[in-house]
Amino acid sequence: DFAPIAVVGTNPFVLVVNKDVPAKNVTEFIAWVKASPTTMSYAEGSLGSVTHLAMALFLKRAGLNMTNVSYRGNAPALTDIVAGHLPTMFSNLSDALPHIQSGAVRALAVSSEARVAQLPNVPTVAELGYPGFESNTWIGVFAPAGTPEDILQRINSEINKLLTSKSIAENFSSQSLEAVRMDRAATEAYVSAEARKWGAVVKETGARVD
């Protein structure tokens, strides 16, 4: 139904725990969950969301069993982590950063391919022994299917010019977004790859929305 024009920015996730959780790193977190006599729960922004699937994939790779609790958005889910009602979640970095800085939650790992500038001392999930693990939200611009290619190319070109603007870079940085410049072909390839990746994650984890 849609033609991808451009991917303009990405926002990684960060695995956070409430400040009272004893685990100080991912290894301790895994041991803590495994040692629990009951099945723990985790928060996620909504059923089938990327925060849900990112945690489902991490739990599968780490050999953990936890129950998901769904919220209507990342912010209310994170609020309950801060309050201690649930111990953990994968949160958008932009939402979690103020709470990490205040000490209300602890960051254990980021889901991006490389460490993020805002949390340089927090490792990636991949470097902790889970190669290939990568999960980001991304912002894209689309047009209705059938839009003439010359129009799609023109809009893509103008968007990529705007992404070199200092003011846009500062705005993105304030929201923990990383600007991304892709031509039309790279955009189509990226969107297709994301669809394949998350389809595979659903199959691997058995994640369901009912």
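See above for the structure.
Predicted model, so just to flag it, every value in this text is computed and none were measured.

Colleague: When you look at the pattern of salt bridges in this model, what are you seeing that I'm missing?
Modeller: Charged atoms that come close allow side chains of opposite charge to pair. Tallied over the entire structure, the rule returns seven salt bridges. A salt bridge links Asp-20 to Lys-19; the nearest nitrogen and oxygen atoms lie 3.4 Å apart. A relative accessible area of 59% places Asp-20 in the exposed class. Three or more residues joined by partner-sharing salt bridges are found here, namely Glu-149, Arg-184 and Glu-188.

Colleague: Where do I start with the layout of surface pockets in this structure?
Modeller: Space left empty within the atom packing is revealed by a probe, the size of a water molecule, rolled over the atoms. There is about 420 Å³ of room inside the largest pocket. Around the largest pocket, the lining is made up of 23 residues, and of these Thr-10, Pro-12, Ser-112, Asn-136 and Glu-178 lie nearest the centre. Of all the elements in the fold, those that place two or more residues in the lining of the largest pocket are strand S1 (2-18), strand S7 (178-179) and helix H7 (184-205). By residue number, the principal contributor to the lining of the largest pocket is H7, which donates three residues. Partitioned by chemical class, the residues of the lining of the largest pocket number 10 nonpolar, seven polar and six charged. Size it by volume and the second largest pocket reaches roughly 220 Å³. What lines the second largest pocket is a set of 13 residues, and nearest its centre among them are Tyr-42, His-52, Ala-56, Asn-68 and Thr-205. In terms of residues, the lining of the second largest pocket owes the most to one element, helix H2 (residues 50-62), which gives four residues.

Here is what the cut-offs are and how they apply
Residues numbered from 1 in each chain as written. Predicted model: local features only at pLDDT ≥ 70, side-chain atom pairs only at ≥ 80, totals over all residues. Heavy atoms only, no water. Salt bridge = Lys/Arg side-chain N within 4 Å of Asp/Glu carboxyl O. Buried < 20%, exposed > 50% of the residue type's maximum accessible area, 1.4 Å probe, protein only. 1 Å grid on protein atoms, 1.4 Å probe; cavity = no way out; pocket = protein on both sides within 12 Å on 5 of 7 lines; lining within 4 Å. Points joined across faces, edges and corners; volume = space filled by probe spheres on them. Helix = DSSP H or I, 4+ residues; strand = E, 2+ residues; numbered from the N terminus. Nonpolar A, V, L, I, M, F, W, Y, C, P; charged D, E, K, R; others polar.

Read these as layout, nothing more, since geometry by itself doesn't imply function.
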